[in-house]
Structures are given as structure tokens and as C-alpha cells.
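Letter by letter, the chains look like this.
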Amino acid sequence: MKTLFTNIKELIQIRENGEEKISGADMKILPSIKNAFLLVEDEVIVDYGAMADLGILEADHVEDCTGKIVLPAWCDSHTHLVYAGNREQEFVDRINGLSYEEIANRGGGILNSAKKLQETSEEDLYQQSKERLEAVMQMGTGAIEIKSGYGLTTEAELKMLRVIKRLNEEFPLPIKATFLGAHAFPPEYKEDQEAYIDVIINEMLPKVASEGLADFVDAFCETGYFSVAQTEGIMEAAQKYGLPSKIHVNQFTVIDGIEACVKHNALSVDHLEVLEDKDIEVLKNSSTMPVALPTCSYFISIPYTPTRKLMDAGLPLALATDYNPGTTPSGNMNFVVATACIKMKMTPEEAINAATLNGAYAMDLAKDYGSITKGKKANILVTKEIPSYYYLPYAFGDHLLEKVMIHGTFI
Ligand SMILES: [Zn+2]
């Protein structure tokens, strides 16, 4: 099966040098060809170039892209898409001035999601999550990471991870699973945190690993949640099972978690709304990808990650949604790209690099996803007729995609 895209107004994010991530000033560059063609065979990108160089090509399907932009599908490296129920009441409570503590006392927060999830059957959880996954694919997400962490018991964490595994089996896009048993301390362990760490390390992790249910491990490394020492213990335990870490860190306070993550070769450090110069120094010369989640900052009105500072220091940066019921009930990557431009002063080029190739890197998927590259999987977005790719973040509330292709098939 050959699909030929012709007369593409601009084909963007072309990478042929095997780059797995884009850093610093290079993020300002988004390689492209105007008036281009793109050829997909089965699941794979096989050729592209200027229309002038298009010889006679036989194709099963020709897609005329006059006036349209073509780009790689979004790579969303940080989500909590599998959850039960919603938390819209907390949203209204916050508008009405209730504090996080008051909401938690009313049964809100992560523990509220955990309670709901524990009571939801695996089948029901799958059905709820499936709808969200279908919706984000329609919005252009072509690779995604999903975390556990609303289970907080061995049984419920495994249930979440099995749902993620089933989504991965039944949907065409690649899904990476992250075990986040260390999302919050369950109430019964409030007075004995180390006992819960013990459950994570000696009960949950061995089962997760033996069933092959996770690609990565995560922890909420934050004041009042998991300490740096506890996070390190979890990273070290996971390393024994060959699971690299992706850690929630520096969302509210600076507690030297980034240094610990870099020391343990974390694949990514996520959130980073508060950063000190020493954190940036530690990230230099590391292979750890900083990940910003601007629509979380938007939704709960906390500071935005100082992405300019990170990029000006020569670092790479990825953008993701943090899709979850409490702090970011949206899996819309185009809105993430727009918010990055509007609120974090990222250029469209920087934001698109961060939401495609660098997002793929933060899931260990950059070899096959995140750019228009011969041999990579054909995960492709075709926009409606728009003036330029600047329009994607500019017209932030519009749905600008006409077609989404995943692994060579239009969805
Ligand atoms: Zn998160």
C-alpha cells in the first residue's frame, strides 16, 4: 500500500541526520520543504522532496495537500490518561476559593481519584480510557506515555497497568507505560511512609516487572510527597529490573531532586516550574530530557516552567500534556504548543520541536517517531488549508487538523 501526499504547502520537521533530540539554539530551526511531496509505503515514510523532483510515482492513494501543512504527529511523553471518573467538582470548588487542603479534606485530590479507581472494574476503566485515547488521536497525538498512580494498592496499580497494556495492544499508536506507585501516600500509610515505600519496592515492582507491565518508573518527588531519598530508592530498585526513570520533580519546591535524577540517568525530569541555576547546571552534560507541562500551569494557575532559561543554557526541552483529572483535564497537544508560545515565549519552531522529536526522545521512541525521516513510522498530520505553521499556535482554539495518519493508515 503506497500513499503519496502531493502539493504540500510546507512539509516540516524533516530530519535525516539521525538526531534523536534537538537542543538549545538548534530548537529555533525547523527544517522544511515548501511545495513538497511525501511517500508512505505500508507503515513507513520512504521518500519526500520538492514537487519539482517528483518523478513518475505509482501510488495506491494520492492525497492532494494544496494549501496544507504536513508534519509528524505529536509525541505526548507525560500523561495520566487512564483514570476513573472526573474531578470537575474540585474545579468549581477552586473557583469558589477553596484551598487545596480544604478540597483534599472534602475527599478531593489524587486520593479521590485512587478511591474511584479502586472501585472501578478493569473493563469499565478500559472503556473510559479508550474514549480519551481516541479523542487525543483525533487531535493529532501519534505516540503517548501513560502512567499508573491512581491505584496506590498493588491490585489497583496492576489493574491500571493492564489497562494501559490492553490499549497498547488494541490501538495502532505506540504507548509507553510508566509505573507511578509513588504518586501519593495512601491514607493508611500516612504515619508510616517507609512501609509504603517497602510495598512499592518489594511487592509492586517485582509484579510489574514479572508481568512486563511497565517501560519506566516514576515518582512524585516533592515536599510533602516523596523525598529525594525515597525517590532515589525507587529509581535504584527499578534499575535492577531494567526500568529507566521519568520523574515528577520541581513542581512546587526545589529539593535537589533533579541532581538525584541525573545521577540515576533518568530519561526525563518533568514539571520544573521552579528551577534554580544549580538545577540547570546539573542538567548540562546529561542525557536527561527536561519536560514542561504548560497546560497544567494554565489550569491551576501556577508558574510556567522557565523554558527560555533552559534552552538559552543549551538544553533540550520536550512539551507534554500531563493529561489527568485533577490538574490538566486536557490531552490537546496543539493547545500545549500554543500555550508554550503564548505563555512561555517559545517560538513556534521551538514548541514544535519540543512536541515532536524531543517528546519522542522522552519516551525512548526517537528512533522511529517524532520527525519526517526516511525509515521512520508514518505518523503524520495534515492540516486544513492554513496560511503557515505559525497558525497552529496562533489560532489556539481551532481544530486545524484535517487528517491524522498513524502507522500509514488514516484514522
Ligand atoms: Zn503528571
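Structure report, in brief. (Residues numbered from 1 in each chain as written. Predicted model: local features only at pLDDT ≥ 70, side-chain atom pairs only at ≥ 80, totals over all residues. Heavy atoms only, no water.)

On to the pairing of strand β11 (residues 268-271). On any regular strand, side chains alternate: one points to one face of the sheet, the next to the other face. Sheet topology places strand β10 (residues 246-249) next to β11; four bridges connect them, and they run parallel. Residue H248 lies in a different strand from β11, and its bridge partner there is D270. Between the parallel pair β10 and β11, the chain is carried across by helix α8 (residues 257-263), and the sense of this crossover is right-handed. Strand direction decides the pairing type here: β11 and strand β12 (residues 289-292), joined by three bridges, are parallel. Note that in β12 the partner of D270 across the bridge is V291. With helix α9 (residues 277-283) bridging β11 and its parallel neighbour β12, the resulting β-α-β unit is right-handed. (Pairing = 2+ DSSP bridges. Helix = DSSP H or I, 4+ residues; strand = E, 2+ residues; numbered from the N terminus. Right-handed = clockwise from strand over helix to strand, strands pointing away.)

This part covers the coordination of the zinc ion. Taken together, H78 (NE2), H80 (NE2), H248 (NE2) and D322 (OD) make up the full set of protein donors to the zinc ion, lying 2.1 to 2.2 Å away. Note that the zinc ion binds four donor atoms; their angles at the metal cover 85 to 166°, and the shape is irregular. Donor residues binding the zinc ion come from one chain and are separated in sequence as H-x1-H-x167-H-x73-D. Separated by 244 residues along the polypeptide, H78 in the loop between β6 (74-76) and α1 (88-95) and D322 in the loop between β13 (318-319) and α12 (333-344) bring together distant segments of the chain. Exposure remark for H78: the relative accessible area of 0% places this residue in the buried category. (Donors = N, O, S within 2.8 Å, 3.2 Å for Na, K, Ca; no water. Tetrahedral: all angles 85-135°; square planar, octahedral: opposite > 155°, others 65-115°. Buried < 20%, exposed > 50% of the residue type's maximum accessible area, 1.4 Å probe, protein only.)

Attention now goes to empty space enclosed by the protein. Using a probe with the size of a water molecule, rolled over the atoms, empty space left in the structure can be pinpointed. All told, the structure shown has one cavity of 30 Å³ or more when counted by the stated rule. In this structure, the largest cavity spans a volume of roughly 40 Å³. Forming the boundary of the largest cavity are P72, A73, C75, Y369, G370, S371, K377 and N379. (1 Å grid on protein atoms, 1.4 Å probe; cavity = no way out; pocket = protein on both sides within 12 Å on 5 of 7 lines; lining within 4 Å. Points joined across faces, edges and corners; volume = space filled by probe spheres on them.)

A word on unusual backbone geometry. Backbone geometry places H271, a non-glycine residue, at a positive phi of 100°. Note that H271 resides in strand β11. H271 sits in the buried class, given a relative accessible area of 2%.

Turning next to the environment of P31. Within the element layout of this structure, P31 appears in the loop between β1 (2-12) and β2 (32-41). Remark: the alpha-carbon pair of P31 and E211, spanning 180 residues in sequence, is separated by 41 Å.

With that settled, consider the pattern of salt bridges. Taken as a whole, this structure holds 22 salt bridges when the rule is applied. The residue E276 makes a salt bridge to K278 at a minimum N-O spacing of 3.5 Å. When its relative accessible area of 37% is taken as the criterion, E276 is described as partly exposed. A salt bridge links D312 to R308; the nearest nitrogen and oxygen atoms lie 3.6 Å apart. Pair noted here: D312 and R308 are both in helix α11 (residues 307-312), with a separation of four residues, about one helical turn. Residue R308 is classed as partly exposed on the basis of its relative accessible area, which comes to 23%. Overlapping salt bridges bring together K28, R308, D312 and E350 as one network. (Salt bridge = Lys/Arg side-chain N within 4 Å of Asp/Glu carboxyl O.)

Nothing here speaks to function; it is geometry throughout.
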